[in-house]
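One-letter residues, chain by chain:
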Amino acid sequence: MRPAHMRGWLTWRSFVALTEVYTAPLNLAWLLMGASIAQYHYGQVNWANLALFLATIILFDLAVNITDNYYDYMHARDREGYARHTNVIGRLGLPLRGVWLLGLSLYILSLVPAFILLARTGWPLAVLGVVGYGVGIFYAAGPSPINATPLCEAAVALSITYLVQLVAVYLCVYGTRPLDWGLVGGTFLVCLPVGLVFFTIQLANNVADLDEDIRNGRRTLVFFLGRERSFIMMRVMQALGAVTPILCAGLGLVPWQTALSSLLLPVMWGLMRPFYSQPDKERTYLPLVGGASVFFVGYTLLLATGVWL
């Protein structure tokens, strides 16, 4: 007979903790950004393809979060502190095989709309998909996971704030515009303000987790920079991210309304400031994420407003 904590382990509480499903609505913002770019630069949006892509990335994100928890638990050197009390698997006493099968099931489900999209478009989507799935799977899996290297902050930022939008633009313009360097570069520049600010969130996350990462053998960029130089880089990235909308608008890459998002810098800065004096995951990290989110939402909505209104 299985132990009591192994029977009926998949409750809504454990599912939310494993998948972080509450972050799923953010995918709507990333797709809105991609749709806005496609409409502004190429005059077309394929909503059917975007709906299929939304289903793919939501299921994929849930699977990635599960497997990240699974492999972080498996790789943890700090078995008493991190594995038993911090990681959700140890904290809730979840069965390893069950968690692994849940993650695998969601990966497989995410491939269903992905293959439909592949049938509707072309081989470039397969290349972009391999990159995206590769980063998601090997972020925590394998003998040398990405989250244990100095590449982890950039890999996450580029995947979430550029690769998703690039795929969205490609799905909207397939059949009328090739995936060329103009499309790739133009999309990158429009996404750059959000990418720079998102990078600061990744740095902040690893600053707050630095001691824990060291105990578990993770050597992130923060490990090599140290806290003080990481703080300097965060401030520079925040400032650059907040002023680049003006540059993008000046170059005609986005509607002029998008430049107004630069006015959000004081709000973002005020919410992020406490983190610098007390980098703590529970007390000051969430307000920092909130400050960044104000900018993400503001930039995206102003971009969409300028395109469609």
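Structure first, text after, so check above.
Now for a description of the structure that goes with this document.

Thresholds applied
Residues numbered from 1 in each chain as written. Predicted model: local features only at pLDDT ≥ 70, side-chain atom pairs only at ≥ 80, totals over all residues. Heavy atoms only, no water. Phe/Tyr/Trp six-rings, centres within 6.5 Å; stacked < 30°, edge-to-face > 60°. Helix = DSSP H or I, 4+ residues; strand = E, 2+ residues; numbered from the N terminus. Buried < 20%, exposed > 50% of the residue type's maximum accessible area, 1.4 Å probe, protein only. Axes fitted to C-alpha atoms, helices over the stretch in contact; angles between N-to-C directions. Parallel < 35°, antiparallel > 145°, perpendicular 65-115°, else oblique. Left-handed = near helix turned anticlockwise from the far one by under 90°. Contact = heavy atoms within 4.5 Å. Nonpolar A, V, L, I, M, F, W, Y, C, P; charged D, E, K, R; others polar.

## Things to note about the packing of aromatic side chains
Thinking step 1. According to the stated counting rule, one finds 15 aromatic pairs in the structure shown.
Thinking step 2. Ring plane angle 80° and centroid distance 6.3 Å describe the contact between Trp30 and Phe198, whose orientation is recorded as edge-to-face. Placement of the pair is Trp30 in helix H2 (residues 26-42) and Phe198 in helix H9 (residues 181-208), with a sequence separation of 168 residues.
Thinking step 3. Using a relative accessible area of 4% as the deciding quantity, one classes Trp30 as buried.
Thinking step 4. Here Phe198 falls in the buried class, since its relative accessible area comes to 9%.
Thinking step 5. Relative to Phe275, the ring of Phe231 lies with its centre 6.2 Å away and its plane at 85°, an arrangement referred to as edge-to-face. Here Phe231 is found in helix H12 (residues 227-250), whereas its partner Phe275 is found in helix H13 (residues 265-277), with 44 residues between them in sequence.
Thinking step 6. Residue classification places Phe231 among the buried residues on the basis of a relative accessible area of 5%.

## Observations concerning the packing of H2 against helix H8 (residues 152-173)
Thinking step 1. Running from N to C, H2 and H8 point in directions that differ by 50°, and their axes come no closer than 8 Å. Classified by the interaxial angle, the pair formed by H2 and H8 is oblique. In terms of crossing hand, the pair formed by H2 and H8 is right-handed. Contact residues: Trp30, Leu31, Met33, Gly34, Ile37, Ala38 and Tyr42 in H2; Ile160, Thr161, Val164, Gln165, Ala168, Val169, Cys172 and Val173 in H8.
Thinking step 2. In terms of residue class, the contact of H2 with H8 is built from 12 nonpolar, three polar and no charged.

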